[in-house]
Every structure is written in structure tokens, then in C-alpha cells.
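Residue-level structure breakdown
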Amino acid sequence: MIPTARYGEYYQALIEKNSEYEGVFYVGVKSTGVFCRPTCHARKPKFENCEFYETAKEALLASFRPCQRCRPLSHPNQVSDVVRQLVEAVEQNPEKRWKTQDFRDLSMDESTARRQFKKRFGMTFIEYARARRMGLAFKNIKAGHKVIDTQLASGYESSSGFRDAFSRIMGAAPTMLDDSKVLRATWIDTKLGPMVAIADEHALYLLEFVDRRGLEREVERLRLRTKSAIIPGTTKPIQSIEQELTQYFDGKLKGFKTPLHLLGSPFQKSVWDQLVKIPPGETRSYSDIAVTLGRPTAFRAVAQANGANQLAIVIPCHRVINSNGDLGGYGGGLSRKDWLLQHEKTMSSI
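Below you will find a few notes about this structure. (Residues numbered from 1 in each chain as written. Predicted model: local features only at pLDDT ≥ 70, side-chain atom pairs only at ≥ 80, totals over all residues. Heavy atoms only, no water.)

Okay, the overall build of the protein next. Assigned secondary structure in the protein consists of 14 helices and 10 strands. Taking as baseline every contact in the protein between residues at least 6 positions apart, the subset at least 24 positions apart corresponds to 62%. Carbon and sulfur atoms provide 49% of the accessible area of the protein, an area that totals close to 17400 Å². (Helix = DSSP H or I, 4+ residues; strand = E, 2+ residues; numbered from the N terminus. Contact = heavy atoms within 4.5 Å. Areas by Shrake-Rupley, 256 points an atom, 1.4 Å probe, with all protein chains shown as cover.)

Below, the structure is given as C-alpha cells:
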């Protein structure tokens with residue numbers, strides 16, 4: 001994931017069509033829904049409409065499609081006819097789930113397609129198609145119930161409702177499993193909007209607002225780091241956090257007891273431990289936490305660890321603000337951060 005601090009540099013390279021940045025980044029243009037190479041000759045987007053990615057796969061997972069003008073999947077060398085034909089086939093039907101017969105219908109050898117895609121893009125064709133489909137699915141989730149029902153129902157086993165459509169998005173291919181490890185994913189409605197909860201039978205791994213920027217990449221990283229399938233369903237930790245969130249938003253719960261599984265470095269975990277120790281209704285700065293950890297100059301590292309938290313509200317990164325009193329950043333959005341802080345102040349005063 002590209003640090004936001006590099007965005008200005010990459011945007012300038014995009015404006016200048018600087019060929020030195022070819023292969024360094026791809027740019028997703030939110031106003032058009034496409035992603036491009038740095039040297040694309042199309043009209044340049046506004047900075048606020050740009051998102052930057054290290055790989056084409058990341059751009060696909062973020063729901064962007066390849067630009068037809070600069071063809072980011074065909075650079076620097078022209079791709080083979082097999083790869084070109086398959087990329088075009090995916091764009092004609094991005095939500096299609098490919099099977100062996102589909103390759104036969106195109107008079108292609110599946111193993112050849114897999115090998116050429118792996119060599120060219122660092123992922124197999126099936127992974128490419130899945131990334132494209134997954135990106136679109138997350139985009140549709142953010143658009144709301146009706147879009148999910150109408151756009152995702154086609155090509156799937158049923159169209160029995162919003163949560164079923166959401167659940168189908170989360171499935172993983174059997175090849176990604178390691179000793180059949182499975183995580184369950186559930187949609188949770190809250191006063192501040194829907195959240196995604198992912199857990200196994202013992203602990204909660206992820207809790208995020210559905211419209212959080214980069215959520216699709218967070219889920220994919222979780223899937224890869226745990227070597228798990230993420231499939232629809234619920235577990236005791238999910239049931240627990242759903243109940244506790246209801247109590248929290250009703251102003252009846254100040255501390256969470258749902259067991260957590262933390263995926264992070266020792267330093268990140270030490271920061272998250274400090275976040276949990278901030279009492280509801282109070283805030284700390286990045287510098288405050290760095291001092292508490294005995295590393296007063298590590299406030300930037302603290303900020304990065306804060307942003308890497310995948311358990312919103314439960315590990316209260318929203319309680320960390322800038323030293324000057326400004327709210328600072330928050331993956332779920334500043335309006336939510338402000339609401340959460342005011343909500344907790346009200347709870348603490350009762």
C-alpha cells in the first residue's frame with residue numbers, strides 16, 4: 001500500500017507523464033473508474049480524484065478497470081494474444097466465475113493461460129478475474145442494498161437478499177486454504193452505518209466500516225496473512241461483538257470483552273495496547289502515546305500503527321488526536337470520529 005505522503009510526488013509524475021515512474025505506481029481515477037499508467041495521455045484528473053497503487057491487482061481490488069487508452073496491463077511489452085483476449089473477456093463480463101469449460105469455449109488451454117498471466121502480472125488469470133470481481137462487489141456494497149440485489153444476483157445461485165449477496169463476495173478459492181482454515185464474515189448494522197466483522201471460532205480479526213477506504217485490500221491482506229478462506233457465517237466472537245456494539249451505541253457499554261486476534265508487529269501491538277487503556281471520554285495525542293512507550297521521538301511510527309488498526313471502535317484509535325487538538329485522521333471518516341468522541345463523553349458524564 002502506497003503511503004499518502006507519496007501521493008503528491010506521484011501526482012506530479014502523472015502530470016508530467018514521467019516515464020521513470022513506469023512500474024512504480026498505477027493511478028485509479030475515481031471520476032472515471034479506470035486505472036492508468038503514469039504516462040497515460042488522457043486528460044489529467046484532479047488530485048482529489050486520484051488513488052495510487054503499487055500493483056495492478058491492488059487497483060483491480062479497488063474496483064478500477066484498465067484504461068483503454070494507456071492499457072496498463074500491456075506495458076512495457078505487448079502481451080500475448082491469449083492474455084489480451086482473456087483481459088477483454090473479463091471486461092465484457094467482470095462478474096463471471098471462470099470454469100474449465102470457459103477456456104475450452106475460447107479454444108484455450110487453461111494451464112497456458114495460467115502460466116502466461118503469472119509470468120506477465122505476477123498472478124494467475126483466475127486470481128486476476130477474482131480481483132476484478134471482488135473489487136466490483138465491494139464497490140456495489142458501498143452503493144447500497146438495491147444495487148447489490150440487482151447487480152450481484154445475476155450469475156450466482158440465488159438473489160435472496162442483501163446479506164446473502166454480501167456473503168457471496170467473501171468466498172475464497174479452495175487453493176487459498178491451508179489445513180482448511182476458515183474465517184467467517186458477517187454484516188453488522190450500526191447507528192453510524194454498516195460494519196464488517198470477520199472472526200474464527202475463538203476471536204475477532206477485523207471490524208471495519210464498510211465504506212472505509214481500502215477495505216477490500218485489508219480483507220485481501222487478512223486472507224493472505226492467515227492463509228484462510230473468508231466465507232459467510234457467524235461465530236461466538238461475532239455474536240459477542242454484535243451484542244456489545246448494540247450496547248455501546250445505546251450508551252450502556254464502555255469496555256469490550258470480545259476476544260481479539262491481533263495481527264501486527266510487537267511495536268504495533270504495544271501501541272494498540274495503549275489505545276485500549278485510554279478511558280472513554282478522553283483523548284491522547286500520538287506524542288503522548290510515544291512518551292508512554294518510552295520512545296518520545298516515535299510519534300510518526302505511533303501514527304502509522306494507529307492507522308494499521310483493523311478493529312475499529314474496539315481498539316479505540318478514534319481517541320487519538322493531533323497535539324494541537326485537531327481531530328486528525330480516521331479511516332472511518334472524521335464525522336464518525338467526532339460522533340464517537342462526543343458519544344463517549346456523554347457516556348462518561350452519566
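So that's the structure; there's more coming.
Inspection of the secondary structure puts E51 in strand β3 (residues 50-53). On the accessibility criterion, E51 (13% relative accessible area) is buried. A distance of 2.3 Å separates a polar atom in the side chain of E51 from a polar atom in the side chain of Y53. With residues up to four places along the chain from it excluded, the contact list for E51 reads Y26, V27, G28, K30, F64 and R213. (Buried < 20%, exposed > 50% of the residue type's maximum accessible area, 1.4 Å probe, protein only. Polar contact = N/O pair within 3.5 Å; in protein donor to acceptor, adjacent residues only side chain to side chain.)

Right, let's talk about the sheet that holds strand β2 (residues 34-36) for a bit. Ordered in space as β3-β1-β2-β4, the 4 strands form an open sheet in which the pairing is mixed. Sheet topology places β3 and β4 (65-66) at the edges, where each strand pairs with a single neighbour. Bridge count for β2 against β4 is 2 bridges, and the pairing is parallel. The residue bridging F35 from the neighbouring strand is P66, located in β4. (Pairing = 2+ DSSP bridges.)

In this section: empty space enclosed by the protein. This model, assessed by the stated rule, comprises 2 cavities of 30 Å³ or more. Across the lining of the largest cavity, the residue classes tally to 5 nonpolar, 3 polar and 2 charged. (1 Å grid on protein atoms, 1.4 Å probe; cavity = no way out; pocket = protein on both sides within 12 Å on 5 of 7 lines; lining within 4 Å. Points joined across faces, edges and corners; volume = space filled by probe spheres on them. Nonpolar A, V, L, I, M, F, W, Y, C, P; charged D, E, K, R; others polar.)

Right, let's talk about the packing of aromatic side chains for a bit. Within the structure shown, the criterion is met by 13 aromatic pairs. Judged by centre distance (4.5 Å) and plane angle (15°), the rings of Y10 and F25 are stacked. One end of the pair, Y10, is in helix α1 (residues 7-16); the other, F25, is in the loop between α1 and β1 (26-29), and 15 residues separate them in sequence. Judged by its relative accessible area of 6%, Y10 is buried. (Phe/Tyr/Trp six-rings, centres within 6.5 Å; stacked < 30°, edge-to-face > 60°.)

Our focus in this paragraph is α1. Along α1, the positions that sit buried rather than exposed are Y7, Y10, Y11, A13 and L14. Seen end-on, α1 carries its buried residues on one side only, within an arc spanning 160°. On its buried face, α1 sits against β1 and β3. Where α1 terminates, the next one or two residues include K17, which has phi positive at roughly 55°. (Arc of directions from axis to C-beta.)

Taking every second residue as pointing to the same face, both faces of β3 are buried, with C50 and F52 on one and E51 and Y53 on the other. Note: β1 against β3, 4 bridges, orientation antiparallel. Residue V29 lies in a different strand from β3, and its bridge partner there is C50.

To continue, consider the nonpolar core. Counting 35 residues, the largest nonpolar core has L207, I241, L245, L275 and I313 as its most contacted members. For this core, the element with the highest residue contribution is helix α10 (residues 236-249), accounting for 5 residues. Not counting residues within four places of it along the chain, the set of residues in contact with I313 comprises M195, F209, L245, Y248, F249, F256, H318, Y330 and L340. Y26, F35, V90 and M108 belong to the second largest nonpolar core, which has 22 residues in total. (Core = buried A, V, L, I, M, F, W, Y, C linked by side-chain atoms within 4.5 Å.)

Let us now look at the pattern of salt bridges. With the rule as written, the count across this model stands at 5 salt bridges. Among the ionic pairs, D250 bridges to K191, the shortest N-O distance being 3.6 Å. Of the two residues, D250 is situated in the loop between α10 and α11 (266-276) and K191 in the loop between β5 (182-188) and β6 (195-199); the sequence distance between them amounts to 59 residues. Since its relative accessible area comes to 42%, D250 is described here as partly exposed. (Salt bridge = Lys/Arg side-chain N within 4 Å of Asp/Glu carboxyl O.)

Below, the discussion takes up the pairing of β1. Burial of β1 is two-sided: the residues Y26 and G28 facing one way and the residues V27 and V29 facing the other way are all buried. Pairing between β1 and β2: 3 bridges, direction antiparallel. Pairing of V29 across the sheet is with V34, part of β2. Once β1 ends, the chain turns through 4 residues before running back antiparallel as β2, passing G33 with a positive phi of about 80°.

What follows is about the packing of α11 against helix α13 (residues 299-307). In contact at an axis separation of 9 Å, α11 and α13 are set at 80° when each is read in the N-to-C sense. When the interaxial angle is binned, α11 and α13 end up roughly perpendicular. Taking contact as the criterion, the partners of F267, Q268, V271, W272 and L275 in α11 are, on α13, A301, V302, A305 and N306. Across the contact of α11 with α13, the residue classes tally to 7 nonpolar, 2 polar and no charged. (Axes fitted to C-alpha atoms, helices over the stretch in contact; angles between N-to-C directions. Parallel < 35°, antiparallel > 145°, perpendicular 65-115°, else oblique.)

The residue K227 is not glycine, and still its phi comes out positive at about 50°. In this fold, K227 is placed in the loop between α9 (215-226) and β8 (229-232). For I313, which is not a glycine, the phi torsion comes out positive at approximately 70°. With respect to the secondary-structure elements, I313 resides in the loop between α13 and β10 (320-321). Its relative accessible area of 1% is what places I313 among the buried residues.

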